[in-house]
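What follows is the residue order along each chain.
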Number of protein chains: 2
Amino acid sequence: MNKIITISREFGSGGREFGRRMSEILGIEYYDKEIISKIAEKADLSEGYVKEVVEKRPMPLFPMTIGATFAAVGVYYPLMVEESVYTAQTEVLHELAEESSCIIVGRCADYILREKNPFRMFIYADMPSRVERCMKRSSPDEHFSEKEMKKKIKNVDESRAKYYDFYTGRKWGDRQNYDVCVNTTGKDIKLLAEVYSRMLQDYNSK
Amino acid sequence: MNKIITISREFGSGGREFGRRMSEILGIEYYDKEIISKIAEKADLSEGYVKEVVEKRPMPLFPMTIGATFAAVGVYYPLMVEESVYTAQTEVLHELAEESSCIIVGRCADYILREKNPFRMFIYADMPSRVERCMKRSSPDEHFSEKEMKKKIKNVDESRAKYYDFYTGRKWGDRQNYDVCVNTTGKDIKLLAEVYSRMLQDYNSK
């Protein structure tokens, strides 16, 4: 049976690098941004549009199951699109999980693939180290002050939390949703990825 | 330099067994209940009394530093005793950390020994599995219903949180205070202790 590892992460915690490095060490597939293209293809929408939908907060007024009914009268079209994106996302994740062992970053994969018993990781760090990491990797034409970067980090996390909470009925970042939560503050991500990869190999071999 | 591992844990999560097993695998000292006797000796109080002090919630009206002043007039004697217990606790933990590499369960050790850069673990589990674990290990003369056990678990955690928050100014269970948080729900503690011990050996050898 394929081994699925899902990674949820605070923005700027290095969760994406952690996941990518683990996939290299474990020799398994790694899915992150490429999921967006797959969703776009399936939902017959542009990549840019899907990206926008999954990165903004969902409309919080109704639980998603009500959307379709109202959408019939045309008022809740955005929610209907959000729903079709989420449906495509669910299908894409199931297909990927069926194909081979893999690491999936974000996209509510811990919840969507819950019946496949994934190993669910949550990667986090304190705010100063997240700000530092984001400042380092920001492109030269971005001119964020530390204060602005902190605000951006908070906004991204808030959107992720709202999206996750809305579709899963769970609370993003609540430790109960994960098998392990790893703090990257002051740590070398490469080293962390190495030791946790071996830990997982060890765990799966028993 | 001695390697210190601190373990904070939700009541019933198996954190104590996890710590004990890790200490056996790693071949290092393990301190849990024995810290109480050491504190009692240092503070010149009975073990039973120290146990009572560290297991009940501290008086929340004043920050601990105010206690001694008021205690002079005899009104805040209990708080003065709490303070002397906490002082003895601090000394005992520093002595143990100086002696040899070790695993310390509870006692705000992650905070008290923060300058020794301990590896800080938080062990948790969902409520049903904690209730199940506690029901199994309760002595035959205890007759807790599941509902009563759940209440007991919540009470113990609340006391631990209040004690920790009061003395450290941090929030017990907040992931930022730990290097890793491990969910024991549905897992074999023996296996978890094995794989995390190796992970730590691996981590420390780099």
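Procedures and definitions
- Residues numbered from 1 in each chain as written.
- Chains lettered and ligands numbered in written order.
- Predicted model: local features only at pLDDT ≥ 70, side-chain atom pairs only at ≥ 80, totals over all residues.
- Heavy atoms only, no water.
- Least-squares fit on C-alpha atoms with pLDDT ≥ 70 in both.
- Phe/Tyr/Trp six-rings, centres within 6.5 Å; stacked < 30°, edge-to-face > 60°.
- Helix = DSSP H or I, 4+ residues; strand = E, 2+ residues; numbered from the N terminus.
- Buried < 20%, exposed > 50% of the residue type's maximum accessible area, 1.4 Å probe, protein only.
- Salt bridge = Lys/Arg side-chain N within 4 Å of Asp/Glu carboxyl O.
- Contact = heavy atoms within 4.5 Å.
- Polar contact = N/O pair within 3.5 Å; in protein donor to acceptor, adjacent residues only side chain to side chain.
- Nonpolar A, V, L, I, M, F, W, Y, C, P; charged D, E, K, R; others polar.
- Pairing = 2+ DSSP bridges.
- Core = buried A, V, L, I, M, F, W, Y, C linked by side-chain atoms within 4.5 Å.
- Arc of directions from axis to C-beta.
- pLDDT = per-residue confidence, 0-100.
- Axes fitted to C-alpha atoms, helices over the stretch in contact; angles between N-to-C directions.

> Would you explain the relation of the copies chain A and chain B in this entry?
Mapping between the two chain copies consists of a rotation about an axis together with a translation along that axis. Once turned by 180 degrees and shifted 0.0 Å along the axis, chain A lies on chain B with an RMSD of 0.0 Å. What the rotation and shift describe, once combined, is the action of a two-fold rotation axis. Among all residues of chain A, the minimum C-alpha distance to the rotation axis is found for C181 of chain A, at 2.5 Å.

> Please explain the packing of aromatic side chains as it appears in this structure.
How two aromatic rings sit relative to each other is given by the distance of their centres and the angle of their planes. Counting across every chain of the model gives 16 aromatic pairs over all chains. Ring geometry for F122 of chain A versus Y178 of chain A: centroids 4.9 Å apart, planes at 35 degrees, classification tilted. A residue pair is termed long-range when its members are at least 10 positions apart, and F122 of chain A in strand 4 (residues 119–124) and Y178 of chain A in the loop between helix 8 (146–168) and strand 5 (180–183) qualify at 56 residues. Across the pair, Y178 of chain A and F122 of chain A agree in class, each one buried. Aromatic side chains F166 of chain B and Y167 of chain B sit 5.0 Å apart centroid to centroid with 90 degrees between the ring planes, which places their arrangement in the edge-to-face category. Take F166 of chain B and Y167 of chain B: they sit in the same class, and that class is buried.

> So what exactly am I meant to see when it comes to the pattern of salt bridges here?
This model, assessed by the stated rule, comprises 29 salt bridges over all chains. Residue D202 of chain A pairs with R198 of chain B through a salt bridge whose shortest N-O separation is 3.0 Å. Linking D202 of chain A in helix 9 (residues 189–205) with R198 of chain B in helix 9 (residues 189–205), this pair reaches from one chain into another. Under the relative-accessibility criterion, D202 of chain A is labelled buried at 15%. Measuring nitrogen to oxygen at the nearest pair gives 3.1 Å for the salt bridge that ties D179 of chain B to R120 of chain B. Here the residue D179 of chain B occupies a position in the loop between helix 8 (146–168) and strand 5 (180–183), and R120 of chain B occupies one in strand 4 (residues 119–124), the gap between them amounting to 59 residues. Neither residue differs from the other here; D179 of chain B and R120 of chain B are each classed as buried.

> Would you mind going over the interface of chain A and chain B with me for this structure?
A common way to state how big an interface is: give the accessible area lost once the parts meet. Residue-level contacts link 27 residues of chain A with 27 residues of chain B. Applying the counting criterion to the chain A and chain B interface returns six salt bridges. In this structure, E10 of chain B engages R175 of chain A in a salt bridge whose closest nitrogen and oxygen atoms are separated by 2.8 Å. The interface formed by chain A and chain B holds 21 residue pairs in polar contact (both at pLDDT 80 or more) in total. Counting residues per element, the ones that place at least two in the side of chain A that touches chain B are strand 4, strand 5 and helix 9 of chain A. With nine residues, helix 9 of chain A is the largest single contributor of residues to the side of chain A that touches chain B. Of the residues belonging to the side of chain A that touches chain B, the class tally is 14 nonpolar, three polar and 10 charged. Sheet analysis places strand 5 of chain A next to strand 5 of chain B, joined by three bridges and oriented antiparallel. Each bridged residue has a counterpart across the sheet, and for C181 of chain A the counterpart in strand 5 of chain B is C181 of chain B.

> Would you mind showing me how to read the nonpolar core here?
Nonpolar side chains tend toward joint burial in soluble globular proteins. I35, I104 and L113 of chain A together with I35, I104 and L113 of chain B are the most contacted members of the largest nonpolar core, which has 69 residues in total. Beyond its immediate sequence surroundings of up to four residues, I35 of chain B is in contact with V92, L93, L96, I104, V105 and R107 of chain B. Counting 42 residues, the second-largest nonpolar core is a separate cluster that includes M121 and Y203 of chain A together with I189 and A193 of chain B.

> Can you help me understand helix 3 (residues 47–55) of chain B in this one?
Residues separated by three or four positions in an α-helix point in the same direction, a consequence of the helix having 3.6 residues per turn. Looking only at helix 3 of chain B, the buried set comprises V50, V53 and V54 of chain B. The buried residues of helix 3 of chain B occupy an angular sector of 90 degrees when projected down its axis, which confines them to one face.

> Where do I start with the confidence of the model for chain A in this structure?
Parts of the model with low pLDDT should not have their predicted coordinates read in detail. All names here are of chain A. Of the residues in chain A, 89% have a pLDDT of 70 or more, and the chain-wide mean is 87. Overall, residues 60–73 carries pLDDT values under 50, and its contacts beyond four positions in sequence, including any with other chains, amount to 16 contacts. Complex prediction metrics read pTM 0.88 and ipTM 0.87.

> Is there a simple way to think about the sheet that holds strand 3 (residues 102–105) of chain A in this case?
The strands that make up a sheet are held in pairs by hydrogen bonds between backbone atoms, and each pair lies either parallel or antiparallel. Within the open sheet, the 10 strands sit side by side as 2(A)-3(A)-1(A)-4(A)-5(A)-5(B)-4(B)-1(B)-3(B)-2(B). Their pairing is mixed. One side of each edge strand has no neighbouring strand; the edge strands of this open sheet are strand 2 (29–31) of chain A together with strand 2 (29–31) of chain B. Each adjacent strand pair in this sheet contributes to an overall mean axis angle of 20 degrees, direction not counted. Note: strand 2 of chain B against strand 3 (residues 102–105) of chain B, three bridges, orientation parallel. Residue Y31 of chain B lies in a different strand from strand 3 of chain B, and its bridge partner there is I104 of chain B.

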